[in-house]
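# Notes for the structure review
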Amino acid sequence: MSEILLDAVDLTKHYGSVEALRGASFQARAGEVTALIGDNGAGKSTLVKCLSGAEQPTSGKILLDGKDVRFDSPTTARRMGIETVYQDLAVAPELDPAANLFLGREIHRKGILGKLGMLDKAEMRRQAIEEFQRLGVTLQSTDVPIGSLSGGQRQSVAVARSVVWASKVVFMDEPTAALGVVQRERVLDVIKKVRDKGIAVVLISHNMPEVLSVADRVEVLRLGKRVARFTGSDTKLEDLVAAMTGALVQEEAA
Ligand SMILES: Nc1ncnc2c1ncn2[C@@H]1O[C@H](COP(=O)(O)OP(=O)(O)O)[C@@H](O)[C@H]1O
Ligand SMILES: [Mg+2]
C-alpha cells in the first residue's frame, strides 16, 4: 500500500446553523483511486471544497505529504498540486481543446511579443496534442470550439486539464454524471491512466458499479462524518449500501 498523501483529520464545517461536516476524516494515497461515497447531503462536496481550497473548514487538520497545510483559496491548493474537476462540464465552450487545456496558464511567446501578451498558440497546441495522446483522449477534432464536441469529449478535456496540472491530487466530483455509457467508460479509462501516473485520484460517484470497477479504496461519508472504509478487492455492493444508509458503522463517533 502506498503512502498517505492527503490526510484530513476531524474536519468540521458550519454554514450558519448547518453542520455540513461533523468531524470528517479522509485519506488519499498516491497512485490510487479513492472513491468518496455517501447519500445526498452526506457532505461529500463540502469535504472536497475544503480539501481543494474552495471553502475553509471551521476546524480540523489537513496534512499534505505529512505537513500541515491551509488552503486559503483554490489557487493555493493548485500551487500545491491539487486540482478539481466538477460535474458540470466546466470548460470554455467557445475555445478549442488546446486553449481549454491551458486556460489561465497560457504559454506566452518568447521575447517582446510575449511581453506584449502574445500567446504561443503553436506551442500550446503541440503540448496539448501530446497530452491528449498520452492520456488516451481521442477527439474528433482539435481545431473546433470545444462546445461543438460531445459531452464525453468535453469532460475528457476537463479531466485532462486537471491531470496535466496536478502533481499530487485530483478531485473529481461526479465527473461522469452528465455522460452516456460509452462516454463514461472513456472518462474512466482516463482516470485509470491518471492514477497510473502516481497521482491520488479522489472520485465522488453515485454509480456503485463504477465505484467497484475503478476504485482501489472506498471511504464512506454519512451525516458529515466518515463511517466506513473499504479496500477495492474485498468490497461488496451490499456493504457500500449498508454503510451509506447507516446499517453498517465501522467508525464510531469521536
Ligand atoms: N453553502 C451552503 N450553505 C448552507 N448549507 C450547505 C451549503 N453547502 C452544503 N450545505 C449543506 O451541507 C450538507 C452537506 O452538503 P454537500 O456537501 O453538498 O453533500 P453531498 O455532496 O454529499 O450531497 C447538506 O445538508 C447541505 O444542504
Ligand atoms: Mg455533492
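Rules used in this analysis
- Residues numbered from 1 in each chain as written.
- Chains lettered and ligands numbered in written order.
- Predicted model: local features only at pLDDT ≥ 70, side-chain atom pairs only at ≥ 80, totals over all residues.
- Heavy atoms only, no water.
- Phe/Tyr/Trp six-rings, centres within 6.5 Å; stacked < 30°, edge-to-face > 60°.
- Helix = DSSP H or I, 4+ residues; strand = E, 2+ residues; numbered from the N terminus.
- Buried < 20%, exposed > 50% of the residue type's maximum accessible area, 1.4 Å probe, protein only.
- Patch = residues over 30% accessible without salt bridge, like charges linked within 9 Å, V, L, I, M, F, W, Y side chains within 5 Å.
- Areas by Shrake-Rupley, 256 points an atom, 1.4 Å probe, with all protein chains shown as cover.
- Salt bridge = Lys/Arg side-chain N within 4 Å of Asp/Glu carboxyl O.
- Core = buried A, V, L, I, M, F, W, Y, C linked by side-chain atoms within 4.5 Å.
- Near = heavy atom within 4 Å.
- Polar contact = N/O pair within 3.5 Å; in protein donor to acceptor, adjacent residues only side chain to side chain.
- Nonpolar A, V, L, I, M, F, W, Y, C, P; charged D, E, K, R; others polar.
- Axes fitted to C-alpha atoms, helices over the stretch in contact; angles between N-to-C directions.
- Parallel < 35°, antiparallel > 145°, perpendicular 65-115°, else oblique.
- Contact = heavy atoms within 4.5 Å.
- Pairing = 2+ DSSP bridges.

The name recorded for the chain in an unreviewed UniProt entry is Simple sugar transport system ATP-binding protein, from Amycolatopsis pretoriensis.

## Considerations on the packing of aromatic side chains
Within this structure, the stated rule accounts for one aromatic pair. Arranged with centres 5.8 Å apart and planes meeting at 80°, the rings of Phe102 and Trp165 form a pair that is edge-to-face. Of this pair, Phe102 sits in the loop between helix H3 (97-101) and helix H4 (111-115) while Trp165 sits in helix H6 (residues 151-165), and the two are 63 residues apart along the sequence. For Phe102, a relative accessible area of 3% gives the class buried. Taking relative accessible area as the criterion, Trp165 reaches 26% and is therefore assigned partly exposed.

## Focus on a nonpolar patch on the surface
Together, Ile112, Leu113, Leu116 and Met118 line one region of the surface with nonpolar side chains, adding up to about 400 Å² of accessible area. With a relative accessible area of 60%, Ile112 lands in the exposed category.

## Digging into the nonpolar core
With 32 residues, the main nonpolar core has Phe132, Met172 and Ile191 as its most contacted residues. Listed by contribution, the elements that provide at least two residues to this core are H3, helix H5 (121-135), H6, strand S7 (169-173), helix H7 (181-196) and strand S8 (200-204). Counting 26 residues, the second largest nonpolar core, distinct from the first, contains Ile82, Val169, Phe171 and Leu221.

## Observations regarding the site of ligand 1
Taken together, Tyr15, Val18, Ala20, Asp39, Asn40, Gly41, Ala42, Gly43, Lys44, Ser45 and Thr46 form the complete shell of residues around ligand 1. At a separation of 2.9 Å, an oxygen atom of ligand 1 approaches a polar backbone atom of Ser45. A per-element tally of the shell around ligand 1 places helix H1 (residues 44-51) first, with three residues. Considered class by class, the residues forming the shell around ligand 1 number four nonpolar, five polar and two charged.

## Brief notes about the packing of H5 against H6
At their nearest, the axes of H5 and H6 sit 11 Å apart, and the two run at 100° to each other. When the axis of H5 is compared with that of H6, the two are roughly perpendicular. Facing Glu131, Phe132 and Leu135 of H5, the residues of H6 in contact are Val157, Ala160, Val163 and Val164. Its residues assigned to classes, the contact of H5 with H6 comprises six nonpolar, no polar and one charged.

## Remarks on the sheet that holds strand S4 (residues 59-64)
Spatially, the four strands line up as an open sheet ordered S2-S1-S4-S5, and their pairing is antiparallel. Lying at the two open borders of the sheet, with one neighbouring strand each, are strand S2 (18-29) and strand S5 (67-68). Pairing analysis gives five bridges linking strand S1 (residues 4-15) to S4, with the strands arranged antiparallel. Counted as the bridge partner of Ala8 is Ile62 from S4.

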